[in-house]
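Geometric and topological summary
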Amino acid sequence: MIRFHRVCFHRASLSPLCHLSPPSASPKLSTLRCARGRRFMTSRSASRLSCLAPVSPGGGEDGGGSSSNVSASVSATATEDDGTGYRLPPPEIRDIVDAPPVPALSFSPHRDKILFLKRRALPPLADLARPEEKLAGVRIDGYCNTRSRMSFYTGLGIHQLLPDGTLSPEKEITGIPDGGKINYVTWSNDGKHMAFSIRIDEDGNSSKPIVWVADVDTGEARPLFKSEDIYLNTIFESFVWIDDSTLLVSTIPSSRGEPPKKPLVPPGPKTLSNEKSDVVQVRTFQDLLKDEYDADLFDYYATSQLVLASLDGTAKEVGPPAVYTSLDPSTDHKYLLVSSLHRPYSFIVPCGRFPKKVEVWTADGKFVRQLCDLPLAEDIPIASNSVRKGMRSINWRADKPSTLYWAETQDGGDAKVEVSPRDIVYMQSAEPLAGEEPEVLHKLDLRYGGISWCDDTLALVYESWYKTRRTRTWVISPGSNDVSPRILFDRSSEDVYSDPGSTMLRRTAAGAYVIAKIKKENDESTYVLLNGRGATPQGNVPFLDLFDINTGNKERIWESDKEKYYERVVALMSDQKEGDLRMEELKILTSKESKTENTQYFLQLWPDRKVQQITNFPHPYPQLASLQKEMIRYQRKDGVQLTATLYLPPGYDPSKDGPLPCLFWSYPGEFKSKDAASQVRGSPNEFAGIGSTSALLWLARRFAILSGPTIPIIGEGDEEANDRYVEQLVASAEAAVDEVVRRGVAHPSKIAVGGHSYGAFMTANLLAHAPQLFSCGIARSGAYNRTLTPFGFQNEDRTLWEATNVYVEMSPFMSADKIKKPILLIHGEEDNNPGTLTMQSDRFFNALKGHGALCRLVILPHESHGYSARESIMHVLWETDRWLQKYCVPNTSDADSSPDQSKEISDSADRVATATGGGNPEFEDHSKLRRSLL
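Note that this is a predicted model, so its numbers are computed, not measured.

**Here's the deal with the overall build of the protein chain**
Across its full length, the protein chain holds 12 helices and 54 strands. Counting only residues that meet the buried cut, the protein chain has 57% of its 934 residues in that class. Counting only contacts in the protein chain whose residues sit at least 6 apart along the sequence, the fraction spanning at least 24 positions is 64%. Accessible surface, the protein chain as shown: approximately 37,300 Å² in total, 49% of it carbon and sulfur.

**Thoughts on the pattern of salt bridges**
Enumeration over the complete set of coordinates arrives at 48 salt bridges. A salt bridge links Glu494 to Arg469; the nearest nitrogen and oxygen atoms lie 3.0 Å apart. With Glu494 in the loop between β32 (486–492) and β33 (502–503) and Arg469 in the loop between β30 (458–465) and β31 (470–476), this pair connects stretches of sequence that are 25 residues apart. Classification of Glu494 by relative accessible area gives buried; the value is 6%. Classification of Arg469 as buried rests on a relative accessible area of 7%. Between Arg743 and Glu739 there is a salt bridge, with the nearest N and O atoms lying 2.8 Å from each other. Overlapping salt bridges, with partners in common, bring together Arg392, Asp411, Glu418, Arg422, Asp423 and Arg447 in one network.

**Notes on the pairing of strand β26 (residues 403–409)**
Counting buried residues along β26, 6 of its 7 residues qualify, which places the element largely inside the surrounding structure. Alignment of strand β25 (residues 391–396) against β26, held across 4 bridges, turns out to be antiparallel. In the sheet register, Arg392 faces β26, and the bridge partner there is Ala407. Hairpin connection between β25 and β26: a loop of 6 residues separates the two successive antiparallel strands. In this sheet, strand β27 (residues 423–429) lies alongside β26 in antiparallel orientation, the contact comprising 7 bridges. By the bridge assignment for β27, Thr409 is matched with Asp423.

**Quick notes on the nonpolar core**
Formed by 64 residues in total, the largest nonpolar core has its most connected members in Phe664, Leu766, Phe774 and Ile823. Top element by residues in this core is helix α6 (residues 725–742). It accounts for 9 residues. When sequence neighbours within four positions are dropped, the list of residues in contact with Ile823 reads Ala764, Leu767, Gly777, Ala779, Phe844, Leu848, Leu854, Cys855, Arg856 and Trp883. With 39 residues, the next largest nonpolar core counts Ile93, Cys776, Leu824 and Leu854 among its residues.

**Examining unusual backbone geometry**
The omega torsion across Arg343 and Pro344 is 10°, close enough to zero to call that bond cis. Tracing the sequence through the fold places Pro344 in the loop between β22 (335–341) and β23 (356–362).

**So, the sheet that holds strand β9 (residues 146–147)**
Strand order in the open sheet formed by 3 strands is β7-β8-β9, and the pairing between neighbours is antiparallel. The open sheet is flanked by β7 (133–135) and β9, the only strands paired with a single partner. Seen against the sheet, helix α3 (residues 292–302) touches β7 and β8 (138–141) and runs at an angle of roughly 105° to β7.

**Some details on the environment of Ala779**
Considering the arrangement of structural elements, one finds Ala779 in strand β52 (residues 776–780). Taking C-alpha positions, Ala779 is 9.3 Å from Tyr758, a pair spaced 21 residues apart along the chain. In this view, Ala779 contacts Gly755, Ala760, Thr763, Tyr784, Ile823, Leu824, Leu825 and Ile826; residues no more than four positions away in its chain are not counted.

**A closer look at the sheet that holds strand β12 (residues 181–187)**
Spatially, the 4 strands line up as an open sheet ordered β12-β13-β16-β17, and their pairing is antiparallel. Two strands close off the open sheet at either side, each with one partner strand: β12 and β17 (221–223). Direction aside, neighbouring strands of the sheet carry axes that sit 30° apart on average. The pairing of strand β13 (residues 193–199) with strand β16 (residues 210–215) spans 6 bridges and is classified as antiparallel. Each bridged residue has a counterpart across the sheet, and for Phe196 the counterpart in β16 is Trp212.

**Quick word on the packing of α6 against helix α7 (residues 758–769)**
Interhelical geometry of α6 versus α7 gives an angle of 85° and a closest axis separation of 10 Å. In this view, α6 runs roughly perpendicular relative to α7, as classed from their interaxial angle. On the side of α6, the interface is formed by Tyr725, Val726, Leu729, Val730 and Ala733, while α7 contributes Tyr758, Phe761, Met762, Asn765, Leu766 and His769.

**Observations regarding the pairing of strand β44 (residues 610–613)**
Note that strand β43 (residues 600–605) and β44 share 4 bridges and pair antiparallel. Along β44, the bridge assignment pairs Leu603 with Gln612.

**Details of the confidence of the model for the protein chain**
When pLDDT is averaged across the protein chain, the result is 88; 86% of the residues are at 70 or more. When the criterion is pLDDT under 50, residues 35–78 qualifies, and its contacts beyond four places in sequence or with other chains add up to 99 contacts. In the model, residues 892–934 has pLDDT below 50 throughout and makes 57 contacts with residues more than four positions away in sequence or in other chains.

**Points about the packing of aromatic side chains**
For any pair of aromatic rings, the description consists of the separation of the ring centres together with the inter-plane angle of the planes. Counting across every chain of the model gives 20 aromatic pairs. Ring plane angle 80° and centroid distance 5.8 Å describe the contact between Phe298 and Phe354, whose orientation is recorded as edge-to-face. Of this pair, Phe298 sits in helix α3 while Phe354 sits in the loop between β22 and β23, and the two are 56 residues apart along the sequence. For the pair shown, Phe298 and Phe354 are each scored as buried. Joined through ring pairs, the aromatic side chains of Phe236, Phe298, Tyr345 and Phe354 make up one cluster. Over the ring of Phe543 we find Arg556, and its NZ or CZ is 4.0 Å from the ring centre.

**Notes on the state of the cysteines**
Per the stated rule, a full pass over the model turns up 0 disulfides. Counting only cysteine sulfurs, Cys888 is the nearest neighbor of Cys662, a cysteine outside any disulfide, at a range of 7.8 Å.

**Re the side chain of Glu237**
Counting through the fold element by element, Glu237 comes out in the loop between β17 and β18 (239–243). Within the structure, the side chain of Glu237 is placed 3.1 Å from the backbone nitrogen of Leu327, a separation counted as a polar contact.

**Regarding the environment of Phe774**
Along the polypeptide, Phe774 turns up in the loop between α7 and β52. What makes Phe774 buried here is its relative accessible area of 1%. Linking Phe774 and Ile751, residues 23 residues apart in sequence, is a C-alpha distance of 5.1 Å. Those residues in contact with Phe774 that lie beyond four places of it in its chain are Phe664, Ala733, Val737, Ile751, Ala752, Val753, Leu766, Leu767 and Lys821.

**Looking at helix α9 (residues 838–850)**
Over its 13 residues, α9 runs 19 Å from end to end, which matches the ideal 18 Å to within 8%, given 1.5 Å per residue. Taken together, the buried positions of α9 are occupied by Thr838, Gln840, Ser841, Asp842, Phe844, Phe845, Ala847 and Leu848.

**A closer look at helix α10 (residues 870–887)**
In this model, α10 (18 residues) spans 26 Å end to end at C-alpha, consistent with the 26 Å of a helix rising 1.5 Å per residue. Summarising burial for α10: 16 of the 18 residues are buried, a large majority.

**Details of the environment of Ile382**
With respect to the helices and strands, Ile382 occurs in the loop between β24 (367–374) and β25. Taking the relative accessible area as the measure of exposure, Ile382 reaches 12% and is therefore buried. For Ile382 and Gln281, which are 101 residues apart along the polypeptide, the C-alpha to C-alpha distance reads 6.6 Å. Setting aside residues up to four positions removed in sequence, Ile382 forms contacts with Gln281, Val282, Arg283, Phe791, Gly792, Asp797 and Thr799.

Definitions and limits used
- Residues numbered from 1 in each chain as written.
- Predicted model: local features only at pLDDT ≥ 70, side-chain atom pairs only at ≥ 80, totals over all residues.
- Heavy atoms only, no water.
- Helix = DSSP H or I, 4+ residues; strand = E, 2+ residues; numbered from the N terminus.
- Buried < 20%, exposed > 50% of the residue type's maximum accessible area, 1.4 Å probe, protein only.
- Contact = heavy atoms within 4.5 Å.
- Areas by Shrake-Rupley, 256 points an atom, 1.4 Å probe, with all protein chains shown as cover.
- Salt bridge = Lys/Arg side-chain N within 4 Å of Asp/Glu carboxyl O.
- Pairing = 2+ DSSP bridges.
- Core = buried A, V, L, I, M, F, W, Y, C linked by side-chain atoms within 4.5 Å.
- Axes fitted to C-alpha atoms, helices over the stretch in contact; angles between N-to-C directions.
- Parallel < 35°, antiparallel > 145°, perpendicular 65-115°, else oblique.
- pLDDT = per-residue confidence, 0-100.
- Phe/Tyr/Trp six-rings, centres within 6.5 Å; stacked < 30°, edge-to-face > 60°.
- Lys NZ or Arg CZ within 6 Å of the ring centre and 35° of its normal.
- Disulfide = S-S within 2.5 Å.
- Polar contact = N/O pair within 3.5 Å; in protein donor to acceptor, adjacent residues only side chain to side chain.
- Expected span 1.5 Å × (residues − 1).

This is the structure in structure tokens:
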């Protein structure tokens, strides 16, 4: 599906994965297997990285570019396994993954042009194999001095949005070097220029990025700096537009020398002390600083010199070199809000908790004042809604020239402390008068969650509390102390049916975004636009409401098609004018899709509601264009209503073709009430977007796919959700399996279960506690032993010592002896996600092996929590397909089945008999079914 980027977000990297050709030599994959009754053998090398072969120059990032140009290093599709090399999945899966991606879109500030950002599909493993430094929770490519594993755009094309809503022919941005890798694309505020970074290949490596600018009218691009030796430092920031002709650029200091060298002899032992008996609880963060050498490396790569650069090529350094983490111009572009990190650093928390200094500068780089210098924050409690002490969420008011606002906690940052108010929101000008104290804007009893600004008469303040799922929206008048704040919405964040939607914002002349006020003819009321997802028991029906902010009255002015299409409002397009927007001049951008039609974009114009389609992207995988999709509902034995999306292959007819093998793929979620857990989320009409590792790929292999069956873990009242995790997990899975079997689309002995991360944790638990439901499992990048994450995990706030039984009973590692069905474990060797260390899969595999379980562990060199390299992804798909074809598709043979297999099949047939109640002719003769399965 296309990604639409609002221009206000473009200061971040707009870098999806890019599609590149594979390297010419294939490293071995670390694959470990074991089977019941057989001696365990391993082909694992002493080092998982040692068997990586060098990449030839022709196999690099830009070599060829055709995804179908598979080198000889990637072996042909096969179901047999010799334990070496990368493999390819069957062509019907491979062709879908290799389908070229559609471009990302970005609209110009005046909404008169659309930028198409072109990209490739999957990068080669060579990208991931480059050396990287893991410092303070950040992974750094030292050669480029950027974040490592950066994807990029391959080209930029501009289309004029014509008055009738159609697009002009593309104007390509020219001058970009061949093979240039484009990142950080941003528009100037007047829309006349774009700035972006470019990297080029140098001896098999990408160069350090350089800032380029392009003239939008001519399409010509050139480097911003006259000197070729000024490089971007993008570890934290890249550049921002100060005005229409000036950028503030984060550069590598020109005086920087070679990286510090690691001493052969360490200066002393690493010592951690808590002799003051401080309570410091931290989750299992990864990639932390290990010693002073790491701290020096972090300083070396993260330190920037800020440079003010004009489009005419003039440049000057401003401020001292420092580890700058954010650069925010004020709304009037007269001031800068500058944040930086400094020592002392920490060895137990990532850089987001390092000491942080926030200052106000003038736009030309002169220091004005320091707002705060926050100390190292190692002691933030693990409870949800706990925060850092001191000033936080410091920002400029969007509706004022140069006014700051921020929040400060009154509970010491500890969510377990009961206090009123809990947060106070303050406001102050950039340069206050001598002795002028910050103004109290609003006091909150829940945790502050942000502000939407409009003007001095209107702003919306948000607060929420995770433990109770309560969320509130306040209406305030920032310019008047005489008007009391009032609650606009007070609801449960879990109750999606009551969600009124969010206010739509318009772009001001200064480039900020404020709440759009709408004026109706001959009506003095104050209206705003509420853009909602429209959750209903039949699925989401997005809407746009005209909402009277004073009376609460609503008028629905737009709603998605309910029958065939799923539509939503993407952006307000008539936002370039100052003041209130007139209803008859309203213009919005919407998207439209269906089960079989991919997303396209449309303009809708008032007052006649004229609709104009502006994109016409081809179907990304026409071979599955006629897939069947249905949102199904069923009930758990405790009465909770559950939902899943059932996908069936094109042309499948259950009455003629009989039940299919089925892949059950899900991810559990926590709730505070049964009613909220029972609500329907999503739409039956959404397009079936298929990612590179999606379970939906197996539609091409004639599987039924049960996607996202809800697995609610409910803790009502004082009960915590995880107190009955296993019980509710099994009950949810059993209800889902019974439903697809009752429908006659899934064969009861051919249902596989799988998931990623917390879904992998779910998979292992289901195979341990509900083996009768599934034939096998696929678990990717999971955590299986919760004692290795003792200070909380997922949404569990209690520690191992506070809830020992919960941690133990939830851990499938502790039930490894109960897992008798085949389980495939896959994990990235460089997983950086808190809690899911690669060690989790290693140790779980050894526990399974120690009990004779049929299992397989695949460790993917260089991959992180998610997988990105083409070789890795193709191999994951091959491994998964092999597992499904071997342990799900056929009736499991005696040789590969557990001792209790016959009993489980019999139990499965009994469940089917109970679920069908004799209503399905396919299963009317229950004894015949049982005999056929046996």
